[in-house]
Amino acid sequence: MDFLKLDVEGAQEQILRHSIPILERDNPVVLVEVDKSACERLKVHPEGAWEVLSSLGYRSYSIEDKGEISSVPNPRQLRTFLAVHKSRNLEENGNVIAS
């Protein structure tokens, strides 16, 4: 698997935890959409998805309006973020590039 999109109304962390074997084996790029109100309803922390991904060696990126991708050290304030495993070469000399 190369790409995983998560838009699951607050269940991102649960799905990622159950997907750890796949994440470790394939290191897919992960697009995460976090609905904070859905997280509140489920009584889960909105930053849980990022905690799982960062523990597995993922880096976070924001996607700008014009499609530009920017590295962000902590996506906890973002509604949508891209997570890329450190084994994938998405950055060159500090600039985000396509791999």
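Fair warning: this is a prediction, and the values are worked out from it, not measured in the lab.

(A) Representation of the overall build of the protein chain in the model. What the protein chain contains, in helices and strands, is four helices and seven strands. Helices and strands appear in the protein chain in the N-to-C order β-α-α-β-α-α-β-β-β-β-β. Each of the 99 residues in the protein chain was classed as buried or not, and the buried ones make up 39%. For the protein chain, contacts bridging at least 24 residues in sequence account for 63% of all contacts bridging at least 6. On the protein chain, roughly 6100 Å² of surface is accessible, and the fraction owed to carbon and sulfur atoms is 47%.

(B) View of unusual backbone geometry. For Glu9, which is not glycine, the phi torsion reads 50 degrees and is therefore positive. When you line up the elements, Glu9 lands in the loop between strand S1 (3-6) and helix H1 (12-18). What makes Glu9 partly exposed here is its relative accessible area of 43%.

(C) Seen up close, the nonpolar core. Of all hydrophobic cores here, the largest spans 16 residues; its most connected members are Leu16, Leu23, Val30, Val32, Leu53, Tyr58 and Phe81. Those elements giving two or more residues to this core turn out to be S1, strand S2 (29-33), helix H4 (48-55) and strand S5 (80-85). Counting residues per element, this core draws most heavily on H4, which supplies four residues. Of all hydrophobic cores here, the second largest spans five residues; its members include Leu31, Tyr61, Leu82 and Val84.

(D) Local environment of the environment of Val52. Along the chain, Val52 turns up in helix H4. Judged by its relative accessible area of 1%, Val52 falls in the buried class.

(E) Main features of the confidence of the model for the protein chain. Here the protein chain averages 85 in pLDDT, while 90% of its residues score no lower than 70. Per-element confidence in the protein chain is highest for helix H2 (residues 20-26), whose mean pLDDT is 96, and lowest for strand S7 (residues 95-96), whose mean pLDDT is 52.

(F) Main features of H4. Along H4, the residues classified as buried are Gly48, Ala49, Trp50, Val52 and Leu53. Where H4 is buried, its residues touch H1, H2, S2, strand S3 (58-63) and S5. Downstream of H4 by one or two residues, Gly57 has phi in the positive range, about 90 degrees.

(G) Quick look at the sheet that holds S2. Spatial ordering of the open sheet is given by S1-S2-S5-S3-S4, a layout of five strands whose pairing is mixed. This sheet does not close on itself; its edge strands, each paired only once, are S1 and strand S4 (69-72). The average undirected angle you get between the axes of adjacent strands in this sheet is 30 degrees. With four bridges joining them, S3 and S5 adopt antiparallel strand pairing. Across the sheet, residue Tyr61 finds its bridge partner in S5, namely Leu82.

About the cut-offs
Residues numbered from 1 in each chain as written. Predicted model: local features only at pLDDT ≥ 70, side-chain atom pairs only at ≥ 80, totals over all residues. Heavy atoms only, no water. Helix = DSSP H or I, 4+ residues; strand = E, 2+ residues; numbered from the N terminus. Buried < 20%, exposed > 50% of the residue type's maximum accessible area, 1.4 Å probe, protein only. Contact = heavy atoms within 4.5 Å. Areas by Shrake-Rupley, 256 points an atom, 1.4 Å probe, with all protein chains shown as cover. Core = buried A, V, L, I, M, F, W, Y, C linked by side-chain atoms within 4.5 Å. pLDDT = per-residue confidence, 0-100. Pairing = 2+ DSSP bridges. Axes fitted to C-alpha atoms, helices over the stretch in contact; angles between N-to-C directions.

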